[in-house]
Amino acid sequence: MKKRRIIILVAAGLLAVWILPALMDAHEKKSVTGTWTARKIQLEGMSEPQRIEDAAKNFKNLTEKERQEAIKELKNYQVTFRENGTMEVSFYDSMLLGTWTEMEDGVYLAVGGEGPHIMTFTLNKRDLTMEDDTDDTIIVLEEKDRWEETNFPK
């Protein structure tokens, strides 16, 4: 009987060592689901992403009014990932519908629109970086709730 208890305790201990870390990793793992809003952009020729307002200074061929409109549109750029694997990208009064899948930890591939249009998303600690297959632009997104708290404190 005593031997049996020891075996059960050792087995339970081994299971806890293997299962508990996996459960903790699953709990800490950040999900991409939700709505993300653009807050930075990296255009061709830039070494790193910049705040949208700062990057817009590079729009040399626009009037000030057009530049302000471009800033407004970029700040309204949103990506929504749903748990069922569908997604939508809202921009310039348009909407691109598609699907997404996790390729590896923190890296997501999304396909949508005509063509198809392929986008790669990389989840960092608090940002989601989007790279597009059609140009060299990189957009850094932040979760909508967090973005609103940062920019519009209550």
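Cut-off values and rules
Residues numbered from 1 in each chain as written. Predicted model: local features only at pLDDT ≥ 70, side-chain atom pairs only at ≥ 80, totals over all residues. Heavy atoms only, no water. Salt bridge = Lys/Arg side-chain N within 4 Å of Asp/Glu carboxyl O. Helix = DSSP H or I, 4+ residues; strand = E, 2+ residues; numbered from the N terminus. Buried < 20%, exposed > 50% of the residue type's maximum accessible area, 1.4 Å probe, protein only. Expected span 1.5 Å × (residues − 1). Arc of directions from axis to C-beta. Contact = heavy atoms within 4.5 Å. Patch = residues over 30% accessible without salt bridge, like charges linked within 9 Å, V, L, I, M, F, W, Y side chains within 5 Å. Areas by Shrake-Rupley, 256 points an atom, 1.4 Å probe, with all protein chains shown as cover. Lys, Arg positive; Asp, Glu negative; His and termini not counted. Charge placed at Lys NZ, Arg CZ, Asp CG, Glu CD. Phe/Tyr/Trp six-rings, centres within 6.5 Å; stacked < 30°, edge-to-face > 60°. pLDDT = per-residue confidence, 0-100. Pairing = 2+ DSSP bridges.

This part takes up the pattern of salt bridges. Taken as a whole, this structure holds nine salt bridges when the rule is applied. Residue Asp-127 pairs with Arg-39 through a salt bridge whose shortest N-O separation is 2.5 Å. Pair noted here: Asp-127 is in strand β8 (residues 127–132) and Arg-39 is in strand β1 (residues 34–42), with a separation of 88 residues, a long-range link. No difference in accessibility class separates Asp-127 from Arg-39, as the two residues are buried. Asp-54 serves as the salt-bridge partner of Arg-51, at 3.6 Å between the closest nitrogen and oxygen.

It is worth spelling out helix α3 (residues 64–75) at this point. Residue pairs spaced three or four apart in an α-helix point in one direction, given the helix's 3.6 residues per turn. If you check α3, its first and last C-alpha atoms are 16 Å apart, about what 12 residues at 1.5 Å a residue would give, namely 16 Å. Every buried residue of α3 is listed here: Arg-67, Ala-70, Ile-71, Glu-73 and Leu-74. An end-on view of α3 places all buried positions within 165° of arc, on one side of the element. Tucked inside the fold, the buried residues of α3 contact β1 and α2 (52–55).

This part takes up a negative patch on the surface. Together, Glu-44, Asp-133, Asp-135 and Asp-136 line one region of the surface with negative charge. Mapping Asp-136 onto the fold places it in the loop between β8 and β9 (138–143). Among the residues examined, Asp-136 registers a relative accessible area of 54% and is labelled exposed.

What follows concerns the environment of Leu-96. Here Leu-96 lies in strand β5 (residues 94–104). Residue Leu-96 is classed as buried on the basis of its relative accessible area, which comes to 15%. Taking the C-alpha atoms as reference points, Leu-96 and His-117, 21 residues apart in sequence, are found 9.2 Å from one another.

Moving on to the packing of aromatic side chains. A ring pair, where both rings are aromatic, is described by two values, the distance of the centres and the angle of the planes. Applying the stated criterion across every chain yields a total of four aromatic pairs. For the ring pair Trp-100 and Tyr-108, a centre distance of 5.6 Å and an interplane angle of 65° mean the geometry is edge-to-face. For Trp-100, a relative accessible area of 16% puts it in the buried group. A residue is classified by how much of its surface remains accessible, and Tyr-108, at 3% relative accessible area, is buried. In textbook terms, an aromatic cluster arises when at least three aromatic residues are bridged by ring pairs, as seen for Phe-81, Trp-100, Tyr-108 and Phe-121.

Further remarks concern the confidence of the model for the protein chain. Taken over all residues, the pLDDT of the protein chain has a mean of 76, while the share at 70 or more is 71%. With pLDDT under 50 throughout, residues 9–29 is counted as low confidence; its partners more than four residues away or in other chains account for four contacts. Segment residues 146–154: pLDDT under 50, and nine contacts once partners within four positions in sequence are set aside and those in other chains are kept.

In this section: the pairing of strand β6 (residues 107–112). As defined by bridge partners, β5 adjoins β6 across six bridges and the pair is classed as antiparallel. Along β6, the bridge assignment pairs Thr-99 with Val-111. Between β5 and the antiparallel strand that follows it, β6, lie two residues; Gly-106 among them carries a positive phi value of about 85°. Bridge count between β6 and strand β7 (residues 117–123): six bridges; the pairing is antiparallel. Residue pairing in the sheet places Leu-109 in a bridge with Thr-120 of β7.

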